[in-house]
Amino acid sequence: MGFRAKVFINIFLSVMLIVGCLYGVANYWSFRFHLRHSLHHAQELGTLLAHESTNLILTNDRVSLLNLYQTILKSHPNIEYIFAERDKEVIVHTFRKGVPGGLLKFEDIPAGSKFTMNSIENEHKELIYHFRVKPDTPNHTVIHLGISAQKIKDELIPLRRLMFFVGGSLLILFPFGLAWFLARIISRPIDTLRKGSERIGAGELTYRLDIKTGDEIERLAGAFNNMAERLQEYYATLEERVAERTEELEQEIEERERTEEEREKLIVELQKALAEVKTLGGLLPICCHCKKIRDDKGYWNKLEVYLHEHSGADFSHSICPECMKRLYPEDSEENGDMGEKLPP
């Protein structure tokens, strides 16, 4: 999963949570507002009903009073019941089986007040807002009005459906759009870094990042540009350094080749000398009279010639004192022993 996708998912879920909370708060306060409006309307209706009932109560016209109450019930579905009582005695009511006894146990309306409200439960454990209104009559007549909390909630069903549709749409579309927009803004510098690294990795060392975010991403882009500049400088002198090193290696190779040639030449010479030394080290047939040596081919060679050819030694001719006396006695006596000594 890419960086932009992760940012999108995180923002989308966060915004959905926020929008969901706002939807819940709006739903709650819409009910509270509607409830307050309904109760206020019930209070106004109770006041109007008390005004309309005054003459009918004074004339004891119970039929007209009952018709009035039934008309009110039909035009206001959230009203559960209406009844009038005087000194805890019911005058007229809209119940089918009579007024529940619990509705007549309230305390009298405080002096100076014409309206009170209490929260009660009916036989079905449903919440009822019970209003009591005192009409302008000289006796202690009180009109009771019951508003169903459940019916007030039911009145909000169309509004809640609309809010659910609108809120559901906003819960999906708004977070999606906002997350997509913010993810693009947040991930754009990262995408620029990624594309820049790909171009430099492909060998385009002159490319530079242009990111102005004023945060860590901008500093990272600066470090990235410095790295690219150093790479460019390094590769600019790389060919020269490679050429220099190649020349050094060629010289080293030539030097090694010359050394190898000299070594091989020396080995050949040493092998040749060793062969000659081995030849001289064998059994040499030599004439006992003239001292000539016979070679491998059967020819007789002078001793100095044979040694020169097989050892490379050169000879200088001289005469020993003994031969000097034997061959040239007169010259030996004149010159003495020539300062040379013979071995014992």
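What you are looking at is a predicted structure, and each value in this text was computed from that prediction instead of being measured.

**Considering the overall build of the protein chain**
Looking only at helices and strands, the protein chain features nine helices and seven strands. When each of the 344 residues of the protein chain is scored for burial, the buried share is 26%. Taking the intrachain contacts of the protein chain between residues at least 6 apart in sequence as the baseline, contacts between residues at least 24 apart amount to 49%. Carbon together with sulfur atoms contributes 58% to the accessible area of the protein chain, which is approximately 24,700 Å² in total.

**Observations regarding helix α2 (residues 62–75)**
Side chains that are three or four residues apart share a direction in an α-helix, a result of its 3.6 residues per turn. Over its 14 residues, α2 extends 20 Å from the first C-alpha to the last, a length consistent with the 20 Å expected when each residue adds 1.5 Å. Within the span of α2, buried status applies to Leu65, Tyr69 and Ile72. Down the axis of α2, the buried side of the element spans an arc of 60 degrees, and every buried residue falls inside it. Opposite the buried face of α2, by more than 90 degrees, sit the exposed residues Val63 and Lys74.

**Some thoughts on the pattern of salt bridges**
Counted by the stated rule, this structure contains four salt bridges. A salt bridge links glutamate 248 to arginine 245, with the nearest nitrogen and oxygen atoms 3.1 Å apart. Placement of both glutamate 248 and arginine 245 in helix α6 (residues 238–280) is noted, with a separation of three residues, approximately one turn of the helix. Residue class for glutamate 248 comes out partly exposed when judged on its relative accessible area of 40%. Overall, arginine 245 belongs to the partly exposed group, its relative accessible area being 43%.

**Brief notes about the sheet that holds strand β4 (residues 127–133)**
Across the sheet, five strands lie side by side as β2-β1-β5-β4-β3; this open sheet has antiparallel pairing. The open sheet has two edge strands with one neighbour each: β2 (89–93) and β3 (115–121). For this sheet, the mean inter-axis angle between neighbouring strands, taken without regard to orientation, is 25 degrees. Two elements, strand β1 (residues 79–86) and β2, share four bridges in a ladder whose sense is antiparallel. Within β2, the position partnered with glutamate 85 by the bridge is valine 90. Set on the sheet, α2 makes contact with β1, β2 and β5 (141–148); between it and β1 the angle comes to about 155 degrees.

**A word on the pairing of β3**
In terms of strand pairing, β3 meets β4 through seven bridges, oriented antiparallel. In the sheet register, isoleucine 120 faces β4, and the bridge partner there is isoleucine 128.

**So, the confidence of the model for the protein chain**
Residue-level pLDDT values for the protein chain average 76, and 85% of them are 70 or greater. The least confident element of the protein chain, judged by mean pLDDT, is helix α9 (residues 329–335) at 67; the most confident is α2 at 87. A low-confidence stretch, residues 338–344 (pLDDT under 50), is modelled with six contacts involving residues beyond four sequence positions or located in other chains.

**Structural notes on the packing of aromatic side chains**
Aromatic ring pairs are defined here through the distance separating the ring centres and the angle between the ring planes. Inspection of the entire model under this criterion finds three aromatic pairs. Ring geometry for phenylalanine 83 versus phenylalanine 95: centroids 6.1 Å apart, planes at 50 degrees, classification tilted. On the criterion of sequence distance, the pair formed by phenylalanine 83 in strand β1 and phenylalanine 95 in the loop between β2 and β3 is long-range, its members being twelve residues apart. Through pairs of rings, three or more aromatic residues link up here, namely Tyr81, Phe83 and Phe95.

**Looking at the environment of tyrosine 129**
Tracing the backbone through its elements, the reader meets tyrosine 129 in strand β4. Each C-alpha atom of the pair tyrosine 129 and serine 119 lies 4.8 Å from the other, and the pair is ten residues apart in sequence. If we ignore the near neighbours within four places in the chain, the residues touching tyrosine 129 are Leu35, Leu39, Met117, Asn118, Ser119, Leu145, Gly146, Ile147, Ala149 and Ile152.

**Concerning the side chain of arginine 132**
Along the polypeptide, arginine 132 turns up in strand β4. Given a relative accessible area of 8%, arginine 132 falls into the buried group. Apart from residues no more than four positions distant in its own chain, arginine 132 is found in contact with Phe106, Glu107, Asp108, Ile109, Lys114, Phe115, Thr116, Asn118, Val142, Ile143 and His144.

**Quick word on the nonpolar core**
One finds Tyr69, Ile82, Tyr129 and Ile147 to be the most contacted residues of the largest nonpolar core, which totals 26 residues. Secondary-structure elements contributing two or more residues to this core are α1 (3–58), α2, β1, β2, β4, β5 and α3 (149–155). Broken down by element, the residue count for this core peaks at nine residues, all from α1. Counting eight residues, the second largest nonpolar core, distinct from the first, contains Leu193, Ile200, Leu209 and Ala228.

Basis of the calculations
Residues numbered from 1 in each chain as written. Predicted model: local features only at pLDDT ≥ 70, side-chain atom pairs only at ≥ 80, totals over all residues. Heavy atoms only, no water. Helix = DSSP H or I, 4+ residues; strand = E, 2+ residues; numbered from the N terminus. Buried < 20%, exposed > 50% of the residue type's maximum accessible area, 1.4 Å probe, protein only. Contact = heavy atoms within 4.5 Å. Areas by Shrake-Rupley, 256 points an atom, 1.4 Å probe, with all protein chains shown as cover. Expected span 1.5 Å × (residues − 1). Arc of directions from axis to C-beta. Salt bridge = Lys/Arg side-chain N within 4 Å of Asp/Glu carboxyl O. Pairing = 2+ DSSP bridges. Axes fitted to C-alpha atoms, helices over the stretch in contact; angles between N-to-C directions. pLDDT = per-residue confidence, 0-100. Phe/Tyr/Trp six-rings, centres within 6.5 Å; stacked < 30°, edge-to-face > 60°. Core = buried A, V, L, I, M, F, W, Y, C linked by side-chain atoms within 4.5 Å.

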